[in-house]
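What follows is each chain in one-letter form.
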Amino acid sequence: MIFQYGTMAGIIEGAYSGSLTIEELLKYGNFGIGTFDGIDGEMVILDSKVYKTDYFGNSYLQSIKESTPFATITTFEKEYQKFDSFSFNNLLEKVQDYLNQNYFYAIKISGNFQKMNTRSPKKQEKPYPPLLEVLENQNIFHYENTQGTVVGFFSPYYAQGLGVGGFHLHYISNDLNAGGHIFDFEILNGLVEISKPLNYSLKLPVNDEYQNIKIDETTLHQKISIAEVKK
């Protein structure tokens, strides 16, 4: 089971207030991604440890007392694995012998990455701007020969808006000196592990901020697509 708190639609429109604690989130699994209160950096959950890559590219273990407006988590149980050379752009092609695009999956990739390009936003203060404005001032990181783990999910494209249709991937290096939201990578002979198809559970924030955002369904998919490739 995948558990998700909040929606990408909410994040796109500026609903950044943390309203679920990490302690509560960890009741639903040990593997996941998300962000923190005020969209303060990028979250990776790996083996029940929660890391934040901040605006400056530094990664730290986080207290369970921190909170999130948006996160996705599961208990990772691999059903498929293979060693191969991958890039962000050909990942789906490489795993299509197992991954059915009508279902949800968790995915983990580990090894030495020849290239890893990521980003992380700056913590925002109220009144929160929409995400596309935030990403105009995000920090971009270009790493080479970094060892670590990609953590993330594949969601069917019909789920765009609830989450991110396709792959939504974050990175954490073994030495915690690299991390963030991935927009490109290359790995030679890395290990990719994928869960069995997962069911999906969604919990929505119940607060004035989320209730009052204006979600424009005519431009939502376009905004998420732009946000995913913004660099």
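Here the residue index of a chain counts from 1 through its sequence in written order. Selection of residues for local features in this predicted model requires a pLDDT of at least 70, selection of side-chain atom pairs for listing and counting requires 80 or more, and totals for whole chains, interfaces and linings are taken over all residues. Heavy atoms throughout the structure, all of them, feed into the side-chain values; hydrogens and water do not.

J.: Help me understand a nonpolar patch on the surface, please; the structure alone is not making it clear to me.
T.: For patches, a residue must show more than 30% relative accessible area and have no salt bridge; joins then use 9 Å for like charges and 5 Å for nonpolar side chains, namely Val, Leu, Ile, Met, Phe, Trp and Tyr. Calculation of accessible area relied on Shrake-Rupley with a 1.4 Å probe; when residues are assessed, cover is drawn exclusively from the protein chains displayed. Whenever Lys or Arg places a side-chain nitrogen within 4 Å of a carboxyl oxygen from Asp or Glu, that contact is recorded as a salt bridge. Judged by side-chain polarity, Leu162, Leu202 and Leu204 come together as a nonpolar surface patch covering roughly 230 Å² of accessible area. Helix numbers and strand numbers start at the N terminus; a helix is a DSSP run of H or I with at least 4 residues, a strand a run of E with at least 2. Along the polypeptide, Leu202 turns up in strand S14 (residues 200-203). Relative accessibility decides the category of a residue: with a 1.4 Å probe and only protein chains considered, values under 20% of the type maximum give buried, values over 50% give exposed, and everything between is partly exposed. By relative accessible area, Leu202 is classed as partly exposed at 33%.

J.: What exactly am I supposed to notice about the sheet that holds strand S6 (residues 59-61) here?
T.: Two pairing modes exist for strands in a sheet, parallel and antiparallel, and in both the strands are linked by backbone hydrogen bonds. Note: two strands are recorded as paired if DSSP finds a minimum of 2 bridges between them. Pairing in this open sheet of seven strands is mixed, and the strands run S6-S5-S4-S3-S8-S1-S14 from one edge to the other. Single-partner strands in this sheet number two, and they are S6 and S14. Averaged over all pairs of adjacent strands, the angle between strand axes in this sheet comes to 20°, irrespective of strand direction. Note that strand S1 (residues 2-5) and strand S8 (residues 71-74) share three bridges and pair antiparallel. When the sheet's bridge partners are listed, Gln4 is paired in S8 with Thr72. Geometry is summarised by axes, namely lines fitted to C-alpha atoms with helices restricted to the contacting stretch, and by angles between N-to-C directions that run from 0 to 180 degrees.

J.: Can you walk me through empty space enclosed by the protein in this structure?
T.: Of the grid points, spaced at 1 Å and generated over the protein atoms alone, those admitting a 1.4 Å probe that cannot get out make up cavities, while open sets with protein on both sides within 12 Å along at least five of seven lines make up pockets; any residue with an atom within 4 Å of a point is treated as lining. Grid points are joined across faces, edges and corners, and a volume is the space filled by probe spheres set on the points. A complete count under the given rule lists three cavities of 30 Å³ or more for this structure. Approximately 170 Å³ is the volume attributed to the largest cavity. Met8, Ile11, Ile39, Glu42 and His181 are, among the 16 residues lining the largest cavity, the residues nearest its centre. Elements with a minimum of two residues in the lining of the largest cavity: helix H1 (8-12), strand S3 (31-35) and strand S12 (166-173). Each residue gets one of three labels, nonpolar for Ala, Val, Leu, Ile, Met, Phe, Trp, Tyr, Cys and Pro, charged for Asp, Glu, Lys and Arg, and polar for the others, Gly among them. When the residues that make up the lining of the largest cavity are grouped by side-chain class, the tally is seven nonpolar, six polar and three charged. Lining of the second largest cavity is provided by 14 residues; of these, Gln4, Thr72, Ser155, Gly163 and Val164 occupy positions nearest its centre. At the level of secondary structure, the elements contributing two or more residues to the lining of the second largest cavity comprise S1 and strand S11 (139-155).

J.: Would you mind showing me how to read the nonpolar core here?
T.: It is characteristic of soluble globular proteins that their nonpolar side chains tend to be buried jointly. Membership of the largest hydrophobic core comes to 24 residues, with the highest contact counts inside it found for Leu91, Val95, Ile109, Phe185 and Ile194. Residue assignment for this core shows that the elements contributing at least two residues are strand S9 (78-87), helix H3 (91-95), strand S10 (105-120), S11, S12 and strand S13 (179-195). Judged by nonpolar contacts, the second largest core, of 15 residues, contains Ile11, Ile12, Val164 and Ile224. Among buried residues, those of type Ala, Val, Leu, Ile, Met, Phe, Trp, Tyr and Cys that are joined through side-chain atoms within 4.5 Å constitute a nonpolar core.

J.: Just to check I follow, could you spell out the packing of aromatic side chains for this structure?
T.: Geometry of an aromatic ring pair is reported as the spacing of the ring centres plus the angle between the planes. Working definition: a ring pair exists when centres of Phe, Tyr or Trp rings (six-membered ring for Trp) sit within 6.5 Å. Plane angles under 30 degrees give stacked, over 60 give edge-to-face, the rest tilted. All told, the structure shown has 15 aromatic pairs when counted by the stated rule. A ring pair is formed by Phe88 and Phe185, whose centres lie 6.2 Å apart and whose planes are at 85°; its orientation type is edge-to-face. A residue pair is termed long-range when its members are at least 10 positions apart, and Phe88 in the loop between S9 and H3 and Phe185 in strand S13 qualify at 97 residues. Aromatic side chains Tyr98 and Tyr105 sit 5.8 Å apart centroid to centroid with 65° between the ring planes, which places their arrangement in the edge-to-face category. The residues Tyr98 and Tyr105 share a single accessibility class, namely buried. Over the ring of Phe36 we find Lys52, and its NZ or CZ is 5.7 Å from the ring centre. Criterion for a charge above a ring: Lys NZ or Arg CZ within 6 Å of the ring centre, and within 35 degrees of the ring normal.

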